[in-house]
Amino acid sequence: MASVTLSAAEPVIFISAFASGEKAGIHAFRFDSKTGALQPLHQTTDVQNPFFLAVSPDQRFLYAINADKFGGADDEFVAAYALEGRTGRLKKLNQQSARGTASCYLDVDATGKAVVVANYASGSVVSLPVKEDGLLGEAATFVQHSGSSTDPERQKGPNAHSIVISPDNRFALAADLGIDKILVYQLDAAKAKLTPNEAQPFAKMQPGSGPRHITFHPNGRHVYVINELANTVTCFDYTPASGTLTERQTIATLPDGFSGKSYTADLKITPDGKFLYGTNRGHDSIASYRIADDGTLTLLSIDPSLGKGPQNLLITPDGRWLLCANMPGNSVVVFRIDGTNGKITATGTPVEMPMPSCIRWVK
């Protein structure tokens, strides 16, 4: 794929191809903020099974999972890349062990000094320090989760599925699908250290929920968790001073009467805090919700994702566009968001690429 040089005003979208061999890679696209069109720029190929990506706050560096065999016997890696301007090209800097297997989520703190990792198969979370020039250091913290829950097939042990840093950069919340808990850690970003939150080390979910992904409301006072096994979204009130969670509401992501197999994946909120969207894999749809002033959700619609297995979402910073990665469907679909009623409408033609798993934005 040839490189195309962009002007400074044009944003770049990076999308991971969760595959091995020649199909693996990180695809870069130019994004047209007026039309929602994606134009291919470049493909970075020196990475295997890059299931998840994260971009540093200064948007100079990108971090990716790198695994020869995803979820295999050997620990996986987190690779650090430098963005070469806005060409879509990435220069690999180094990589460090993720200290676990099926590494499935990355986040970078607001200072750019710490990267946190969730390891699904081995059920652990890790923090890595970021050195000068974006290089990763060896793990500063390793925490092994323990326990099980009620689903005999999916919850035999811990399965850390995400770890998300709070807006004030003081805490990190980890969703563990296998033990039905949101674990709360205090974050010392300068040292890239995680310690269990004394005020509330974890919030317990309903048995069999299978919490997967987490997002904070832009006002920092609410947290939303999408539950893979129960096909629900749970709203928590969040107290920033103490990092504590109080459950407020749980609402379905599927239509009444649906009897097939489906599992949720991702959720995102518009920058103005008015609307939330979550994905259903199996039903292959996107559930749209209005967010009330108290943080609770009202279902607006459930619309086709226009591809199989909607895995990951991105909402552009202007709140006008929603991008959906249909991973097993091998396509990325762009939807226009109506800012008044939250309705989503597909635009253009789906972009074909192998196994898109994570979408990240660079302004």
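Residues numbered from 1 in each chain as written. Predicted model: local features only at pLDDT ≥ 70, side-chain atom pairs only at ≥ 80, totals over all residues. Heavy atoms only, no water.

Taken as a whole and judged by the stated rule, the model has ten salt bridges. Between D294 and R248 there is a salt bridge whose closest N-O contact spans 3.6 Å. In this pair, D294 is assigned in the loop between β23 (285-291) and β24 (297-304) and R248 in strand β20 (residues 244-252), connecting sequence segments 46 residues apart. According to the relative accessible area criterion, D294 is partly exposed, its value standing at 33%. A relative accessible area of 40% places R248 in the partly exposed class. Here the salt bridges do not stand alone but share partners, grouping R154, R212, E228 and R281 into one network. (Salt bridge = Lys/Arg side-chain N within 4 Å of Asp/Glu carboxyl O. Helix = DSSP H or I, 4+ residues; strand = E, 2+ residues; numbered from the N terminus. Buried < 20%, exposed > 50% of the residue type's maximum accessible area, 1.4 Å probe, protein only.)

With that settled, the discussion passes to the side chain of S262. Along the chain, the position of S262 falls in the loop between β20 and β21 (263-269). Polar side-chain contacts of S262 include one of 3.0 Å to the backbone nitrogen of H283. If near-sequence neighbours (up to four positions away) are discounted, S262 is found in contact with E228, N231, L254, N280, R281, G282 and H283. (Polar contact = N/O pair within 3.5 Å; in protein donor to acceptor, adjacent residues only side chain to side chain. Contact = heavy atoms within 4.5 Å.)

So, on to the environment of I26. Positionally, I26 belongs in strand β2 (residues 25-31). Between the alpha carbons of I26 and T44 there is a distance of 5.1 Å; along the sequence they are 18 residues apart.

Space left empty within the atom packing is revealed by a probe, the size of a water molecule, rolled over the atoms. Taken as a whole, the largest pocket holds about 1,200 Å³ of empty space. Listed by contribution, the elements that provide at least two residues to the lining of the largest pocket are β4 (53-55), β8 (103-108), β12 (160-165), β17 (211-216), β21, β25 (310-315) and β29 (356-362). Here the residues of the lining of the largest pocket sort into 23 nonpolar, ten polar and five charged. D58, F61, T111, G112 and K131 are, among the 14 residues lining the second largest pocket, the residues nearest its centre. Split by residue class, the lining of the second largest pocket holds four nonpolar, four polar and six charged. (1 Å grid on protein atoms, 1.4 Å probe; cavity = no way out; pocket = protein on both sides within 12 Å on 5 of 7 lines; lining within 4 Å. Points joined across faces, edges and corners; volume = space filled by probe spheres on them. Nonpolar A, V, L, I, M, F, W, Y, C, P; charged D, E, K, R; others polar.)

Next up on the list: the pairing of strand β18 (residues 222-227). Burial analysis of β18 places six of its six residues in the buried class, which makes it a mostly covered element. Here β18 shows a buried face lined by H222, Y224 and I226 and a second buried face lined by V223, V225 and N227. In the sheet, β17 pairs with β18 via five bridges, with the strands oriented antiparallel. Residue pairing for β18: I214 is matched across the bridge by V225. Count of turn residues in the β17/β18 antiparallel hairpin: five residues, of which G220 carries a positive phi of about 75°. Here β18 hands over to strand β19 (residues 232-239) after four residues, with N231 in that stretch at a positive phi of 55°. (Pairing = 2+ DSSP bridges.)

Let's shift gears to the packing of aromatic side chains. Counting across every chain of the model gives seven aromatic pairs. Measuring from ring centre to ring centre gives 6.2 Å for F31 and W321, while their planes differ by 80°; the resulting arrangement is edge-to-face. In this pair, F31 sits in strand β2 while W321 sits in strand β26 (residues 321-326), placing the two residues 290 residues apart along the sequence. Measuring from ring centre to ring centre gives 5.9 Å for F31 and W361, while their planes differ by 65°; the resulting arrangement is edge-to-face. Of the two residues, F31 is situated in strand β2 and W361 in strand β29; the sequence distance between them amounts to 330 residues. Taken together, F18, F51 and F70 form an aromatic cluster joined through their ring pairs. Over the aromatic face of Y263 sits the side chain of R154, whose NZ or CZ is 5.9 Å from the ring centroid. (Phe/Tyr/Trp six-rings, centres within 6.5 Å; stacked < 30°, edge-to-face > 60°. Lys NZ or Arg CZ within 6 Å of the ring centre and 35° of its normal.)

On average, the protein scores 96 in pLDDT, and the residues at 70 or more come to 98%. Here residues 1-7 is a poorly scored stretch, pLDDT under 50, and it has 21 contacts once near neighbours within four places are set aside; other chains count. (pLDDT = per-residue confidence, 0-100.)

Attention now moves to the sheet that holds β18. Within a sheet, neighbouring strands are paired by backbone hydrogen bonds and run either parallel or antiparallel to one another. Taken in spatial order, the four strands line up as β17-β18-β19-β20 in an open sheet, and their pairing is antiparallel. Unpaired on one side and paired on the other, β17 and β20 mark the two borders of the sheet. Neighbour-to-neighbour, the strand axes of the sheet open up by a mean angle of 25°, direction not taken into account. Across six bridges, the pairing between β18 and β19 is antiparallel. The partner of V225 across the bridge, within β19, is T234. (Axes fitted to C-alpha atoms, helices over the stretch in contact; angles between N-to-C directions.)

Turning to the sheet that holds β29, a few remarks are in order. With respect to topology, four strands assemble into an open sheet ordered β3-β2-β1-β29, the strand pairing being antiparallel. Each edge of the open sheet carries a strand with a single partner, namely β3 (38-44) and β29. With strand direction ignored, the average angle separating the axes of adjacent strands in the sheet is 25°.

This part is about the pairing of strand β11 (residues 141-144). The alternating pattern of β11 places T141 and V143 on a buried face and F142 and Q144 on a face that is not buried. In this sheet, β11 lies alongside strand β10 (residues 124-129) in antiparallel orientation, the contact comprising four bridges. Bridge pairing in β11 links V126 to F142.

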